[in-house]
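Next come the chains, spelled out residue by residue.
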Amino acid sequence: MASTEEEFSLKEVLIHFKSCLLDDDKDVLLEHYLNGWKGLVRFMNSLGSIFSFVSKDAVSKIQIMENYLKGESGERYRSLQSMIEYELSGNLVDLTQRSGHPDSGCRTLLRLHRALRWLQLFLEKLRISSEDSKTSTLCSEAYNDSLANYHPWIIRKTASVAFLALPVRNKFFEVMNVGTPEEVVDMLGEALPYVSKVYDFTEEQYSQHNLLNLP
Ligand code: 1Q0
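Residues numbered from 1 in each chain as written. Predicted model: local features only at pLDDT ≥ 70, side-chain atom pairs only at ≥ 80, totals over all residues. Heavy atoms only, no water.

Comments concerning the environment of Ser-104
Checked against the element boundaries, Ser-104 lands in the loop between helix H5 (80–89) and helix H6 (105–128). Relative accessible area serves as the criterion here: at 2%, Ser-104 is assigned to the buried category. Put simply, Ser-104 and Leu-119 are 15 residues apart on the chain and 23 Å apart in space, counted from C-alpha to C-alpha. In contact with Ser-104, other than residues within four places in its own chain, are Tyr-68, Glu-87, Leu-92 and Val-93. (Helix = DSSP H or I, 4+ residues; strand = E, 2+ residues; numbered from the N terminus. Buried < 20%, exposed > 50% of the residue type's maximum accessible area, 1.4 Å probe, protein only. Contact = heavy atoms within 4.5 Å.)

With respect to the packing of H5 against helix H10 (residues 181–208)
Relative to each other, H5 and H10 sit at 15°, their axes nearing to 11 Å. By the criterion of interaxial angle, the relationship of H5 to H10 is roughly parallel. In the packing of H5 onto H10, the handedness of the crossing is right-handed. For the pair formed by H5 and H10, the contact residues are Leu-80, Gln-81, Met-83 and Ile-84 on the first element and Phe-201, Thr-202, Gln-205 and Tyr-206 on the second. Among the residues making up the contact of H5 with H10, the classes are represented as five nonpolar, three polar and no charged. (Axes fitted to C-alpha atoms, helices over the stretch in contact; angles between N-to-C directions. Parallel < 35°, antiparallel > 145°, perpendicular 65-115°, else oblique. Left-handed = near helix turned anticlockwise from the far one by under 90°. Nonpolar A, V, L, I, M, F, W, Y, C, P; charged D, E, K, R; others polar.)

Structure representation (structure tokens):
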């Protein structure tokens, strides 16, 4: 019988982004959203310690959010909309500079949200890639079109070096533990619309509340 580690598949991770959509896609359940990220971090860790600088930051942001969820106002952090409403009405968000509330849920989740755009672009590129495509190129193109715009030079540089260590396409597909390359492509085609819905909904909420540039 396969071990738990072997059974862990990217499909199960991406499914969290489907199950976090609530009420006809009109809200996002944060617990499932964070579970999705936790699974992604596990995958990233399996690619080697070269990504530990990314993983540490992602883990610390997930932890901040989970502490809110477990805390005394946990119910207010159940969904994206309830969190935004709660933090804004209670003046719990630093809007212009990080000072009184440096780790608000809104600013912390915004960082993960920006990273979700990278993931969406990267997985879509993988989905339509050919057998000889270079994963490092796909990854850095996706990064340059998304997250890189928010990172200083030193992080962009470190990330570009780390991307070179990514395994080749077939190996990468194997690590996903979904099945044949064709099955991986099908699974990505099935799962990506949910990632996009979560991304688009979050983007719209942040935009409506003028929160897209939180420091
Ligand atoms: C698979 C390769 C992974 C490549 C990850 C690309 C993202 C590079 C990002 C570099 C981030 C560097 C660390 C620090 C950044 C922070 O300054 C920044 C801003 O936060 P703050 O508090 O300073 O304002 N933080 C962020 O931008 C958040 C970054 C979170 C990145 C989470 C990435 C999680 C990756 C998951 C891997 C999914 C792989 C899927 C396919 C796997 C198939 C085997």
